[in-house]
Each structure stands twice: as structure tokens, then as C-alpha cells.
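# Residue-level structural notes
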Amino acid sequence: MRYLAILKDSLREALDSTVLYIMLGLSALVVLLVATVSFENLPAARTFEKVADGSIQLAFDLLKPDKAEEHSKRQLSGNVQVNLLELAKVRVVSGAPDSPDSEYTVTFRMRFSSKEEVAEASNNPAAAVALIEKHFKDIVDLGLLKIASIQLATQQPTAVARQLDFEVHTLPTPGTRRLWCARPSVFFGWLPIGEENWGFPVGAQLYVLTSTLVSIGSWVAILAGVIITSFFIPNMLRKGTVDLLLVKPIHRWALLLYKFVGGLTFVFLNIAFAILGIWLVLGLRTGVWAHTCLLLIPVLTFFFGIMYSISTLVSVLTRSAVASILITCGAWFGFFLVGTVHELFRNQIRIEETRKIPMEKRKWTDNPIGNVAAALHTVLPRTSDLNHLSSRMLYSDFLTGSLSEVNKIDLRPIEWNESMGVSALFVALLLGLACWRFQAKDF
Amino acid sequence: MAAVIATHDLKKNYRRIEALRGVSLVVETGEIYGLLGQNGAGKTTLIKILLGITRGWRGQAELLGHTAGTVAMRRRVGYLPEDHHFPDYHTAFSLLDFYGQLLDLSRAQRRQRIPLELERVGLVPRMHTKIRGYSKGMKQRLGIAQALLHDPDVIFLDEPTDGVDPVGRREIRNILLDLKGQGCTLFLNSHLLSEVELICDRVGILQKGRMIREGDIKSLTQQKGRFLIGLAQGQQMPLADLQSRGYQIAPLGERWEVQLEEQQNIDPVVDLLRAQGLSIRHLVEKRQSLEDMFVETVQEGNKGRT
Ligand SMILES: Nc1ncnc2c1ncn2[C@@H]1O[C@H](COP(=O)(O)OP(=O)(O)OP(=O)(O)O)[C@@H](O)[C@H]1O
Ligand SMILES: [Mg+2]
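Residues numbered from 1 in each chain as written. Chains lettered and ligands numbered in written order. Predicted model: local features only at pLDDT ≥ 70, side-chain atom pairs only at ≥ 80, totals over all residues. Heavy atoms only, no water.

### What about the sheet that holds strand β2 (residues 17-28) of chain B?
Residues and elements named next belong to chain B. Spatially, four strands are ordered β2-β1-β4-β5 in an open sheet, and the strand pairing comes out antiparallel. The sheet is open, and its two edges are formed by β2 and β5 (66-67), each paired on a single side. As judged from the five bridges shared by strand β1 (residues 3-14) and strand β4 (residues 58-63), these two strands associate in the antiparallel manner. The partner of K11 across the bridge, within β4, is R58. On the sheet, helix α1 (residues 43-51) packs against β1, β2 and β4 and is oriented at approximately 115° with respect to β1. (Pairing = 2+ DSSP bridges. Helix = DSSP H or I, 4+ residues; strand = E, 2+ residues; numbered from the N terminus. Contact = heavy atoms within 4.5 Å. Axes fitted to C-alpha atoms, helices over the stretch in contact; angles between N-to-C directions.)

Pasting the structure below:
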């Protein structure tokens, strides 16, 4: 009841400024723009061509959330031999032609360096089949396609020497739709992007689109949120205004926490509006329902919560909105810096370890800057982890289809419990301090 | 009668500034108490301590039987701060609705009471426009409405008529007297002594954080043995007679002022006038204005200290 009253009051305050309308308008504009994006599925051959030359596998690897993974046990690109295969023929076994939901028999052509090799492979194709299997492994692992069988084609290209044809029998999965190459366009097909036959897996395109939108959008949303909400508490603490609230039968700490939650709710609504909007239009337009990306709403709200707890403390201490904006943005940048430097050192240290560089030659291990970054990283909120989490969610939605699949490729060692715990503790600590100061303050 | 407000040796420092240096005062139920004092005397500080807005005081301070600053009793207290600033994105109605929610008034109570209180201060025609556009006096009226919103038992008003026009001031005075009639206890700070004189039962004068004088208005403004006598049209005062009997008498406008000595009494004067067949139309014990008393007291206080 009181919480709702304070929330409503904050909302009224926010509505009073035009910034909120500008923000909602911007979100609506972005959602509408995304709604005009359409994907025109290309013939099945385009997809299998790109699987054959390995460019899809490579792209999935390049797009994955953690790029600095020299240490990883398994790397996507490690399994792909570029230019190993060439597409020869695609034949629908069942279902509509060129539909991602159909079964296909795809004929791939493999090159050999000598006639002897060809003869050997045609007598005993197991090794070649294994090679092709490996070429498909990433895509199959991520659940984007199923392979029923791989065998030597019955009709071989007699005309050309040093080549063998293999038939791969593919079965569709729910993920095949994301794998399918399509040509994008905006404004309902009016403005196509790329050349006539250009296309790429829908999932990868959606991932690039949404992660760009989310990284820019979340940045803008959180910054705008920090600016708008930074006025809430200093305004409440204004002389002559605060007196009127302090004499109400409500504890000071409750007043402050409600106000904090009010600001949080306000930003939550904004973020939810934008994300739900994008989720809905993408789902409707492409048929790819990215459920995990809805988790971005709480993740981004939590991110904002970290920032707002700083703003709240500074507001209570200084009663100045400008001071809270400056210090909050400074802290934001500080967290970013600590996260980046720490990650850089962590990766380099791991590389030094895997390469077994002797201790005395290691430049990154036990470096003072790295140690300071690590110490700060231990106690400060892990905003970089939250950013990473966002990318993971999008990756899982548009590329792999589920978060558990991402774990196979994203090996960044983040202790999620610890990371969230430290950040939440930081928020609790700052709010506790703010309440404590507010409780004892004379007005 | 139970004490609504009771402080004993109340002290408060703002860092170096000693705002209150041991103030003791008691306000009984149903009283209108006026706290007077020069700027910076500590009047607002005293109210803020009682309401829990200012902390870190020493001594005793009780409001409605609870230690000052307790959350629970705030439901029974109304407050109009000086220099108040209402969030101006609200309208009068929405502001009172917000405060009403914080005061735990039900929706039905709010729907009923808000228009009533706004009616009382004459803000109904503007109640759905933003406070931003209100004049100073309108904001002051709104301040009074919000202090009365939840039908409190005690109301603290810090300069309630600040910025209000003379008609409005009279209206506010009547509201306050109404409240007193309903058994409400009022505590007010004001520099408008003529007003304080009209409504307060008791006043206290605070100077530099000390209570230097306290009492009911009548006894504070009474001037010992000074009477004003008026006779019917055309009748003459027998000045010589009275002076020969040792009374000091002098004309004052249409009337005459009698100054009694220590052992003298006004009754023989009346008897003498009646015996001479004169008709007495006017007889009052003369008072000092509250303002004279205040200025005098404060000046004495200043002398005493330096
Ligand atoms: N928040 C504060 N911080 C520091 N000093 C304060 C604070 N509030 C009041 N004071 C000081 O305490 C003293 C008493 O102030 P107070 O506001 O109680 O005076 P007042 O009697 O209400 O004066 P006025 O008639 O001008 O309203 C003043 O010297 C003032 O400077
Ligand atoms: Mg004052």
C-alpha cells in the first residue's frame, strides 16, 4: 500500500519530466523498426554450401560470447576444415522443398590429392566419413541439425578425377530454422540488405541484430535511468519536502528503500517494455521465439540496481542530483575498467599457464596491476559478468537454442553464484549505509 | 488534563550552534499554545525535535505520552512546516491522496476527507491543477489542509499565516478556533503577534534557546492597576474630586485613564461616579499589547545576558 503510494509518486514525478516520454518513444521506435525486419528463406542449397565450406561453423565460433579462449578445451573452429567439402547436390527426401523443416539428402564432394587416395577412400570410406562427421559436429552438437547417415554416394563423378561424393542424410530439428540461410530486409522487404543471393543463418543475423540493440539499448536505458532517477531522492530530501514525509508514520529506512524500489520499478518497466516489444515482434516476424532473452529484463534491472544503490547513497550524503549522476557514472566506468583489466590479465595468465612458460618469464602472472584489478574485482560488483551473461542469453536464444548448450562452448570461468552474490552484497551494503545515514540525519 | 507535549531541560546542538539550551514546557490537551521568539531562537528546532525530524537532542521530550520521534504516534499529529515545498508535479488532490496513503487512510476515507479539507481552506476550485501554478498563499492553504487531513489530535503549525491575505488569515484563524472547539491541541510558531493574541491561550517566549517567559495571554499582557473609564455622552469627569482623593487620572481621547497606587482599588472610583449620578459606559482594565510585552521581554532578556 505505502510502497505502491511511493511508487506512484515516483512515477508521477517521472511522468512530469519529458525524459520518460522520450525514452518510451525511442523504445517504441526501435521496436517498430525491428518489426519491419523480414527474412526471406533462401534455397536449401545456400545453407548447405555454407556448411560445406565451413563459414557457418566459423561464424558461430566468432560470435560466441567469449572470444578470448585460447585456453579452452574445445574450440569450434578447431573442428572445421575450411574448403574440405563442396556442395554437389541437394535433394528433398520428405517435406516441402527448400524448407528448413524438411529432410534432405545432401551430396558433398571431397577432394583428394592423388588417385591412390581416392581409391583407398572408396574402398574404405570410414576415415572420410569420420572427417565429414567432424565437420558437422558443431552444428549437430548445438542441435541445429541431425544427421541420420553419411555414406559414399552410389553415383560417383566419373568425369572428374581425385574427387569422391558422399551423401549426407539430414533430419530437421527445431533449431534448423535458425541455421537456415535467409536474406534480410527492412521496412517489410522494401529495403533488402546485401546482394541478390546473399544470405546467412537467421540465428546469426538475429544474434548480431539483438546483441547490437541490447548493448547500445541497455547502455542508453541504464544511463537515462540513472539520470532520471537521480532526481528522485534529492528532491525527496529537499528542505521543506522531507519534513512533510518524515512526520508520516513510516520509518525513515522504509521511506528510502521504497523510494529505491520505486526507481528500480520505474526502470524495470522501461526495460521490460523495450525487451518484450523486441521479443514479440521478432517472434511474430521470424518464428524464432527467444525466450531466454526475456531474462535480460531482470539482468538489466539488476545492473541498474547496482548503479542506483550508488546513486541512492550519494543522494543521501549530498542531496545533490548532479553529484549522484557524476559519481554513479564514474563508478560505472570504474567497474567496467576493473572488469576489463581483470579479464585481460586472467586470460593472459591462463595462456601463460597453458603454454607452460617458465615462472620467471611470465609477464602477466603476479603483475601488480593485475593483482590490484583482481583485488578490486573480488569486492566490487561484477558488471562485466552481467554484460557477458546478456551475450550468453542472446547467443543461446538465437544460435544454440538453450543456455545449457552455451555451456558447451562458453567456457569462461564465471562463478555465477559468487558473481551475483558479490554484486547483491554490494547493493545491500550501500543501501544499508544510506539507510543508516538517513536514519541519523537532522533535517 | 493530560499533557500532550512535555519537554524538560531539552537541549540541542547543531555542531557549534546551541539551538536549544534547556527548554521545559508543558502543553495540555485542548490548548492553543503559541511559541514566540526572534529569528533563530529555536522555535522550529523545538517542533522538529518533537516530531522526530531532528535527532540527537538531550533531555526529555514527550509527545502524546511517547518519547518524541516515535513512529506510531505520528498518525495522530499534523504538521505544517515553515518554508514547505510540496512536490510540484502533484495537484492539491493527488498530493493529499499520496499523504493520505502514507497516513494509512483508506480509499474511502481519502475520497471523503480530501475535498472536505480543501473546501475548508478554499482550494476546491484549483484542486486538480498542478501545485506548480499556485500562489504562495494557496500553497500555504494547502499546507494547512494537509496538516488537518487525518483529523489529528495535535497540530503543529510553523507560521501558518505566512503569505496569506487578511481575509485568508481570518479564515485560518476561524479554522484554528474550530479545531480547538473539537478538542484539538494546537502548537503554533508565529511572528504575527496580533494573531497569536487573538487565538492562543498560552504563549512562551524563546530567546537564544531558552524559555524566558511563559504564561497565559491575559496575565502576560495585563498592566497592573491601569483602568480606562468612559462616561455617557456629554457627562464630565469630576477630575478635581478624584485627584483630591489621591487618584491619578488623566484624559485619554474621549476617555480617562486611572492609574492606581499599590493599595488603591477601582471600586471607590466607581462608587463616587455613581454617587454623582454619572453613567459609566466603559470600564476596562487596560492591557499591554502582546507586541509591547514581547519587545519589552526580549529587550530585558538581551540586557540580562550581555
Ligand atoms: N539544520 C540545521 N543545521 C544547522 N543549524 C541549524 C539547523 N537548523 C537550525 N539551525 C540553527 O539553530 C538555531 C535555531 O534555528 P530555528 O530554525 O529553530 O529558529 P527559529 O526560532 O525557528 O527561527 P525563525 O523565526 O527564523 O524561523 C539557529 O541558529 C539556526 O541557525
Ligand atoms: Mg522557524
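### Description of the pairing of strand β13 (residues 255-259) of chain B
Residues and elements named next belong to chain B. Pairing of strand β11 (residues 222-231) with β13 involves four bridges; the strand directions are antiparallel. Of the residues in β13, the one forming a bridge with L228 is E257. Across five bridges, strand β12 (residues 248-252) lies against β13 in antiparallel orientation. Within β13, the position partnered with Q248 by the bridge is Q259.

### As for the coordination of the magnesium ion (ligand 2)
Around a metal, the perfect tetrahedron of four donors has angles of 109.5 degrees, and the perfect octahedron of six donors has angles of 90 or 180 degrees. Residue and element names in this part refer to chain B. Each protein donor to the magnesium ion (ligand 2) is listed here as T44 (OG1) and E82 (OE); together their distances run 1.9 to 2.6 Å. In this pair, T44 is assigned in helix α1 and E82 in the loop between β6 (77-80) and α2 (92-102), connecting sequence segments 38 residues apart. Residue classification places T44 among the buried residues on the basis of a relative accessible area of 15%. Given the relative accessible area of 26%, E82 is considered partly exposed. (Donors = N, O, S within 2.8 Å, 3.2 Å for Na, K, Ca; no water. Buried < 20%, exposed > 50% of the residue type's maximum accessible area, 1.4 Å probe, protein only.)

### Structural notes on the site of ligand 1
All names here are of chain B. The immediate surroundings of ligand 1 are formed by 13 residues, with G40, G42, K43, T44 and T45 found nearest. Take G40: an N or O atom from its main chain is 2.8 Å from an oxygen atom of ligand 1. Protein contacts shield 67% of the accessible area of ligand 1, which totals 630 Å² for the unbound molecule. When residues of the shell around ligand 1 are traced back to their parent elements, those giving at least two are β2 and α1. (Near = heavy atom within 4 Å. Polar contact = N/O pair within 3.5 Å; in protein donor to acceptor, adjacent residues only side chain to side chain. Areas by Shrake-Rupley, 256 points an atom, 1.4 Å probe, with all protein chains shown as cover.)

### Points about the interface of chain A and chain B
Accessible area lost upon the coming together of the parts serves often as the stated size of an interface. At the interface, 28 residues of chain A touch 33 residues of chain B. Around 2,900 Å² of area is buried between chain A and chain B when both sides are counted, 55% of it from carbon and sulfur atoms. At the boundary of chain A with chain B, the tally comes to five salt bridges. With a shortest N-O distance of 3.3 Å, K130 of chain B and D16 of chain A are connected by a salt bridge. Our count for the contact surface shared by chain A and chain B stands at 20 residue pairs in polar contact (both at pLDDT 80 or more). The greatest single-element share of the side of chain A that touches chain B, amounting to eight residues, is contributed by helix α1 (residues 2-16) of chain A. For the side of chain A that touches chain B, the residue count by class is 11 nonpolar, four polar and 13 charged. (Buried area = accessible area lost by both parts, 1.4 Å probe. Salt bridge = Lys/Arg side-chain N within 4 Å of Asp/Glu carboxyl O. Nonpolar A, V, L, I, M, F, W, Y, C, P; charged D, E, K, R; others polar.)

### What to know about the pattern of salt bridges
The tally for this structure, following the rule as stated, stands at 28 salt bridges over all chains. The closest approach of N and O atoms between E49 of chain A and R46 of chain A, which form a salt bridge, is 2.7 Å. One end of the pair is E49 of chain A and the other is R46 of chain A, both in helix α3 (residues 44-52) and three residues apart, which spans about a single turn. The closest approach of N and O atoms between E171 of chain B and R141 of chain B, which form a salt bridge, is 3.4 Å. You can see E171 of chain B sitting in helix α5 (residues 166-181) and its partner R141 of chain B sitting in helix α4 (residues 136-148), a full 30 residues away along the chain. According to the relative accessible area criterion, R141 of chain B is buried, its value standing at 15%. Put simply, D16 of chain A together with D88, K130 and R132 of chain B are held in one network by salt bridges that share partners.

### With respect to the packing of α2 of chain B against α4 of chain B
Residue and element names in this part refer to chain B. Two numbers describe how α2 lies on α4: the axes approach to 10 Å, and their chain directions differ by 30°. The orientation of α2 relative to α4 falls into the category roughly parallel. Judged by the twist between their axes, the crossing of α2 over α4 is right-handed. Across the interface between the two elements, A92, L95, L96 and Y99 from α2 touch L142, A145 and Q146 from α4. Broken down by class, the residue content of the contact of α2 with α4 amounts to six nonpolar, one polar and no charged. (Parallel < 35°, antiparallel > 145°, perpendicular 65-115°, else oblique. Left-handed = near helix turned anticlockwise from the far one by under 90°.)

### Description of unusual backbone geometry
If a residue is not glycine, its phi is most likely negative; likewise, a peptide bond is most likely trans. Despite not being glycine, K356 of chain A shows a phi value in the positive range, around 55°. Residue placement: K356 of chain A occurs in the loop between α13 (321-354) and α14 (368-379). K356 of chain A sits in the exposed class, given a relative accessible area of 68%. Of note, the phi angle at E159 of chain B is positive, near 55°, even though the residue is not glycine. Assignment of secondary structure puts E159 of chain B in the loop between β7 (154-158) and α5. Take E159 of chain B: its relative accessible area is 16%, and that puts it in the buried class.

### Some details on the sheet that holds strand β14 (residues 280-287) of chain B
Backbone-to-backbone hydrogen bonds join strands into a sheet, with any given pair of strands oriented parallel or antiparallel. Residues and elements named next belong to chain B. One open sheet accounts for four strands, arranged β12-β13-β11-β14; its pairing is antiparallel. In this open sheet, the two edge strands, each paired with only one partner strand, are β12 and β14. Averaged over all pairs of adjacent strands, the angle between their axes in this sheet comes to 25°, without regard to strand direction. Lying over the sheet, helix α9 (residues 267-275) contacts β11 and β14, oriented at roughly 165° with respect to β14.

### A closer look at the environment of R238 of chain A
Along the polypeptide, R238 of chain A turns up in the loop between α9 (232-236) and α10 (242-246). Residues R238 of chain A and L62 of chain A lie 176 residues apart in sequence; the distance between their C-alpha atoms is 52 Å.

### Digging into empty space enclosed by the protein
This structure, assessed with the given rule, holds seven cavities of 30 Å³ or more. For the largest cavity, the calculated volume is near 90 Å³. Lining the largest cavity are T210, L213, V214, I275, I278, W279, L282, A290, C293, L296, L394 and F398 of chain A. Put simply, the parts of the chain that give the lining of the largest cavity at least two residues each are α8 (202-229), α11 (252-286) and α15 (383-400) of chain A. At four residues, α11 of chain A tops the list of elements feeding residues into the lining of the largest cavity. Its residues assigned to classes, the lining of the largest cavity shows 11 nonpolar, one polar and no charged. Computed from the structure, the second largest cavity encloses a volume of approximately 60 Å³. Forming the walls of the second largest cavity are P160, T161, R169, I172, R173, L176, L188, S190, E195, V196 and I199 of chain B. Of all the secondary structure elements, the ones that give two or more residues to the lining of the second largest cavity are α5 and α6 (193-199) of chain B. No other element matches the four residues that α5 of chain B contributes to the lining of the second largest cavity. The residue makeup of the lining of the second largest cavity, split by class, is six nonpolar, two polar and three charged. (1 Å grid on protein atoms, 1.4 Å probe; cavity = no way out; pocket = protein on both sides within 12 Å on 5 of 7 lines; lining within 4 Å. Points joined across faces, edges and corners; volume = space filled by probe spheres on them.)

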